[in-house]
Amino acid sequence: MDGEEMIMQKNQETTFKPNAALNELAQLLGQWNVEITSMSFQEDPSAVARGHSSFEWLEGGAFLVQHSQIPDSDFPSSISVIGPDDEAGTYRMLYYDSRGVSRIYRMTFSGGIWTLWRDFPGFSQRFHGTFSEDGKTITAYWEKSTDGSNWEHDFDLTYTKVR
């Protein structure tokens, strides 16, 4: 058996216990319809983009994976892997999209509020999402900044849980 075969066999035998630090993210699990409105980059202020997003456990709960697709729009398809940062007491989201863009976001999730942010010279971003009481709707928005101090609205999102 060569080294690659041994690694593959070992990986097949390895099971991970769920990461308890991800327990509070369980309400994201499932399939969501996504509606995007109030897009700052659209000429038509009434334009609406629709798509879907899904969240599922990776390796039995070691990480949370998000897949998003907004067909026929200016939005790229994307995949994100979310995991805890034990020392910081927050999460990190590794983002990659169909344009080839990679980003790392910091993330919090508490009390029905989901936040993401990225501070980067020339293009900082932040996301704020609020869960409905029944957990079936997330009302959210993205903001952007070129200087990290002055923020402008980018677009709104509404996630509606399908299953």
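Here is what the cut-offs are and how they apply
- Residues numbered from 1 in each chain as written.
- Predicted model: local features only at pLDDT ≥ 70, side-chain atom pairs only at ≥ 80, totals over all residues.
- Heavy atoms only, no water.
- Helix = DSSP H or I, 4+ residues; strand = E, 2+ residues; numbered from the N terminus.
- Buried < 20%, exposed > 50% of the residue type's maximum accessible area, 1.4 Å probe, protein only.
- Contact = heavy atoms within 4.5 Å.
- Lys, Arg positive; Asp, Glu negative; His and termini not counted.
- Charge placed at Lys NZ, Arg CZ, Asp CG, Glu CD.
- Polar contact = N/O pair within 3.5 Å; in protein donor to acceptor, adjacent residues only side chain to side chain.
- Salt bridge = Lys/Arg side-chain N within 4 Å of Asp/Glu carboxyl O.

*Asks:* Got a minute to help me understand the overall build of the protein in this structure?
*Replies:* For the protein, the helix and strand inventory stands at 1 helix and 10 strands. When its helices and strands are written in sequence order, the protein yields α-β-β-β-β-β-β-β-β-β-β. Projected onto its principal axes, the C-alpha positions of the protein cover 60 × 40 × 35 Å. A total of 163 residues make up the protein; the buried ones form 34% of that total. If you take every contact in the protein between residues at least 6 apart in sequence, the share linking residues at least 24 apart comes to 35%. Seen as two clouds, the 13 positive and the 24 negative side-chain charges of the protein have centres 3 Å apart.

*Asks:* Would you mind going over the side chain of S68 with me for this structure?
*Replies:* By the element assignment, S68 lies in strand β3 (residues 63-69). Among the polar contacts made by the side chain of S68, one reaches the side chain of S53 at a distance of 2.9 Å. Sequence-distant contacts of S68, defined by excluding residues within four places in its chain, comprise H52, S53, P76, S77 and S78.

*Asks:* Got a minute to help me understand the environment of S102 in this structure?
*Replies:* Locating S102 in the fold gives a position in strand β6 (residues 102-110). By relative accessible area, which is 54% here, S102 ends up exposed. Between the C-alpha atoms of S102 and Y141, which are 39 residues apart in sequence, the distance is 20 Å. Apart from the residues lying within four places of it in its own chain, the contact partners of S102 are Y95 and Y96.

*Asks:* What's the story with the pattern of salt bridges in this structure? I'm lost.
*Replies:* Close approach of charged atoms allows side chains of opposite charge to pair. One pass over the full model with this rule turns up 6 salt bridges. The salt bridge partner of E35 is R50, with a shortest N-O separation of 3.2 Å. Taken together, the positions of E35 in strand β1 (residues 30-37) and R50 in strand β2 (residues 49-58) put the pair 15 residues apart, joining distant regions of the chain. Classification of R50 as exposed rests on a relative accessible area of 53%. Notably, a salt bridge pairs E143 with R126, separated by 2.6 Å at the nearest N-O pair. Placement of E143 in strand β9 (residues 137-145) and of R126 in strand β8 (residues 124-131) is noted, with a sequence separation of 17 residues between them. Here E143 falls in the buried class, since its relative accessible area comes to 18%.

These figures capture arrangement, not role.
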